[in-house]
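# Secondary and tertiary structure notes
Take a look at the letters that make up each chain.
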Amino acid sequence: MLAPSRVAASRDAIGVVTAIVYIFLWASAFVPSRILATGAPPLAILSLRFLVAGGLLLAGARAARLAIPRDAESWIQIFLLGAGGNALYLGLNYEALRRMSAGMGSIIASTNPLIMAIVAPFALREPLTPRKIAGLLLGFGGVLIAMHARTGTQEARLQDVFLAFAGVSAFVASNILYKRMRLRPHPVVLNGGQLFCAGVALVPAALLVEGAPRIEWTPPVAFSLVYLVVVLSVGASMLWFWILHHGEASRVSAYFFLTPVFGLLIGAALLGERLVWLDAVGLSVIAAGLWLVTRSSSRRSRAPPRPA
């Protein structure tokens, strides 16, 4: 029989590995997302991804006999969650990723705890402490360094960066709405419902902006869609629920600073995106800022981003 100290150490090790795997999966989404954004109509393929992933999760919830809301108020809230946290967030990011590098996309997406720290004093009555202020200055300063390293290229055009930041802001608004929900369905039902609603919300937008969808099903496009549906929207969701069930959400926050590091490295390895010495400086500054902000947040068990 293992001693209690060894059991606790083993549990901690599993928690650390699980948290890092989750963050790696979350960061890995930007490479297949850029493949889809450049190889297919972005809004149409994103709508298809959400409809399939949401349908699979809702079908699984129905098979498991989980309670699915029947009242209009619950579905309005679920629709708003999906519209902000998925349709607007990833819709704007997919438009930006048509030109912006996957690594830069992951850097901007990783700033969501920083944006949350700015709005939390007003929306959630959480104090803006000196530690958070220092983290905010470092985090956004690191983003500027990463942008400066790509001056004169198409990898970080100002308009694309603004689009991506607008998407992250929509994601933060969705998280605030989630925190204010009084009654929440089972997490599988909630995630499946908001994904499916996001897919529905994007259908008219895709038709209006892109017209009738014409998707060329090349192997990279097909593999990227399957990866995002199965590994991210379904697999990472299940891992997230395991993390919540075992009380490891604060641990994910503690390691969230690794997100832009993974994002840049995966983009360089799989898409051949360039790395320069300023990236190391920018990543170090961003990581320090995220660590300061999420360290303060994890003490109140604030959850990091949900998988989409």
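Residues numbered from 1 in each chain as written. Predicted model: local features only at pLDDT ≥ 70, side-chain atom pairs only at ≥ 80, totals over all residues. Heavy atoms only, no water.

Let us now look at the overall build of the protein chain. Looking only at helices and strands, the protein chain features 13 helices and 0 strands. Listed by position from the N terminus, the elements making up the protein chain come as α-α-α-α-α-α-α-α-α-α-α-α-α. By the burial criterion, 52% of the 308 residues in the protein chain qualify as buried. When contacts within the protein chain are restricted to residue pairs at least 6 apart in sequence, those whose partners lie at least 24 apart make up 90%. For the protein chain, the accessible surface area stands at approximately 14000 Å², while carbon and sulfur atoms represent 68% of it. (Helix = DSSP H or I, 4+ residues; strand = E, 2+ residues; numbered from the N terminus. Buried < 20%, exposed > 50% of the residue type's maximum accessible area, 1.4 Å probe, protein only. Contact = heavy atoms within 4.5 Å. Areas by Shrake-Rupley, 256 points an atom, 1.4 Å probe, with all protein chains shown as cover.)

Attention now goes to the pattern of salt bridges. A complete count under the given rule lists 4 salt bridges for this structure. Here Glu-95 and Arg-98 are joined by a salt bridge, their closest N and O atoms 3.2 Å apart. Given the relative accessible area of 18%, Glu-95 is considered buried. The class of Arg-98 is partly exposed, set by a relative accessible area of 40%. For Arg-99, the salt bridge goes to Asp-160, with nearest N and O atoms at 3.2 Å. Of this pair, Arg-99 sits in the loop between helix H4 (72-96) and helix H5 (102-109) while Asp-160 sits in helix H8 (residues 158-180), and the two are 61 residues apart along the sequence. Beyond isolated ion pairs, a larger network of salt bridges with shared partners links Arg-99, Arg-157 and Asp-160. (Salt bridge = Lys/Arg side-chain N within 4 Å of Asp/Glu carboxyl O.)

This paragraph deals with the nonpolar core. With 75 residues, the main nonpolar core has Tyr-89, Tyr-94, Met-100, Met-104 and Ile-108 as its most contacted residues. For this core, the element with the highest residue contribution is helix H10 (residues 219-245), accounting for 11 residues. Beyond its immediate stretch of four places on either side in the chain, Tyr-94 contacts Ser-33, Leu-36, Ala-37, Pro-42, Ile-45, Leu-46, Arg-49 and Leu-228. Listed in part, the 5 residues of the second largest apolar core include Ile-78, Leu-81, Met-181 and Cys-197. (Core = buried A, V, L, I, M, F, W, Y, C linked by side-chain atoms within 4.5 Å.)

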